[in-house]
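Breakdown of the fold
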Amino acid sequence: MKRLGNTDQMVPVIGQGTGIGGALARSAQYGEKQRDALRLGIELGMTFIDTAEEYGGGAAEEMIGEVIRGIRKRVCVATKFSPEHSDYKGVLNAAEGSLRRLQTDYIDVYQIHWPHPTIPISETVRAMEQLVKDGKVRYLGVGNVSLKACTEIKKLLSVSSIVSIELEYNLFDRSIEDDILPFCEQNGITLIAYSPLNRGAIADSQEKLELLENIAVKYKKTGAQVALNWLVSHNAVVAIPKAESLIHIKENAAATDFKLSEEDYKKINAVFTTQCVYGAPKRIRVVENKQLQTYYSLTEARENKLGFCPSPADLAEKIKGEERIRPLRVIKTTDRSGQYDYDLIEGRIRYWALVIAYGWEKDVPIYVCSE
């Protein structure tokens, strides 16, 4: 267990995530399989549950409300409001919706899911603090923010404080160690690591996978358990892996009943270093994906007829003011025309925002993933 920020609330170092990221979040399905997994996780001590109004269009919150009925005080529930609800009334109304779906009269941690680039953050923060004053929210958190935004939000809060920052953190993407993680450690803020197992791709090379597996054998564990253990060994970090398999739920729950030796910790630390490289957007192909609603041309992105919030154009304005741009994820292209070097696999709205902000020629940060 770890303290949640500077509060008296204790949370398990391994909690439970309930969402699917990106364009598939709203279409996610939640049935008895997901309910059984959540129940088992709670019984095994993973009582910190993270969700959002966006997941399944509210279905994830409804599922959680059913599962925690009668055991509300045993769990700590964190949920998030969507960017389009970042204005004052929007935040208040979104919270009421989450309370109703969760079948509770308070939310433990209420978080900004993604900041809205055109709505003043001061307005968003004012609404969140009102919810604390009204007793509908206990603690406040933020997600998917830059260090600059974290610092600004921290200064704006008058009667509350940030207890948590939720960001992607795993052995593949360790970029937050440069700024956000030290900020959390210095300010007594909990870092909630989502996608802690990198959506199942815990290692991006055979060498790295073998290292994890060899270490795992020593502790009679799995490579995934070693990866989670390494992650939460950082004092400020708790992890929220998402799992639907009962086997994986049990595996996650047992990921911290051993302690990595200093030698093994250092081996992992030395080998798992993903280098950010740079490439021009014109050399990155946006591959058609029938499962995703997305854009395949700059014109489509500018028009934003699919209604993404923030829109690529709004996000472009925000990106211009950031000191660090989150890398896109790509793989080496399958295209044989010679026109492209990479295929885009993650960060489609961000890709178009970068094109709008800087054009086709300016190199942008990328992570090159294995297939």
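Everything discussed here concerns the structure shown above.
The sections below set out a description of the structure shown in this document. (Residues numbered from 1 in each chain as written. Predicted model: local features only at pLDDT ≥ 70, side-chain atom pairs only at ≥ 80, totals over all residues. Heavy atoms only, no water.)

**Comments concerning the environment of Arg302**
- Inspection of the secondary structure assignment puts Arg302 in helix α11 (residues 298–303).
- Owing to a relative accessible area of 49%, Arg302 belongs among the partly exposed residues under this scheme.
- Each C-alpha atom of the pair Arg302 and Trp352 lies 8.4 Å from the other, and the pair is 50 residues apart in sequence. (Helix = DSSP H or I, 4+ residues; strand = E, 2+ residues; numbered from the N terminus. Buried < 20%, exposed > 50% of the residue type's maximum accessible area, 1.4 Å probe, protein only.)

**A look at the nonpolar core**
- Among the nonpolar cores identified, the biggest contains 80 residues, and Tyr110, Ile165, Tyr169, Leu191 and Ile268 are the most heavily contacted of them.
- Take this core: its biggest share by element is 7 residues, from helix α8 (residues 223–232).
- Dropping the residues within four chain positions of it, Leu191 is found in contact with Ile165, Leu167, Tyr169, Ile176, Ile180, Leu181, Cys184, Ala236, Val237 and Val238.
- With 21 residues, the next largest nonpolar core counts Ile284, Ala316, Tyr342 and Tyr351 among its residues. (Core = buried A, V, L, I, M, F, W, Y, C linked by side-chain atoms within 4.5 Å. Contact = heavy atoms within 4.5 Å.)

**Focus: the pairing of strand β15 (residues 364–368)**
- Most of β15 sits out of view: 4 of its 5 residues are buried.
- Direction of pairing for strand β13 (residues 328–332) relative to β15: parallel, over a ladder of 3 bridges. Paired with Arg329 across the strands is Tyr367, a residue of β15. (Pairing = 2+ DSSP bridges.)

**Points about the packing of helix α12 (residues 312–320) against helix α13 (residues 348–358)**
- Where α12 meets α13, the axes come as close as 8 Å, and the angle between the chain directions of the two elements is 65°. Classed by the angle they form, the pair α12 and α13 counts as roughly perpendicular. Judged by the sense of rotation from one axis to the other, the crossing of α12 with α13 is right-handed. Where α12 approaches α13, its residues Pro312, Ala313, Leu315, Ala316, Ile319 and Lys320 are matched on the opposing element by Ile349, Arg350, Trp352, Ala353, Leu354, Ile356, Ala357 and Tyr358.
- In terms of residue class, the contact of α12 with α13 is built from 12 nonpolar, no polar and 2 charged. (Axes fitted to C-alpha atoms, helices over the stretch in contact; angles between N-to-C directions. Parallel < 35°, antiparallel > 145°, perpendicular 65-115°, else oblique. Left-handed = near helix turned anticlockwise from the far one by under 90°. Nonpolar A, V, L, I, M, F, W, Y, C, P; charged D, E, K, R; others polar.)

**Topic: the sheet that holds strand β7 (residues 137–143)**
- The 8 strands lie next to each other as β3-β4-β5-β6-β7-β8-β9-β10, forming an open sheet whose pairing is parallel. Every interior strand has two partners, whereas the edge strands, β3 (16–17) and β10 (237–239), have only one.
- Summarising the sheet, strand β8 (residues 162–168) and strand β9 (residues 190–194) pair through 5 bridges and their orientation is parallel. The partner of Glu166 across the bridge, within β9, is Ile192.
- Most of the contacts of helix α3 (residues 88–102) go to strand β6 (residues 107–112), to which it runs at about 140°, and overall it touches β5 (76–81) and β6.

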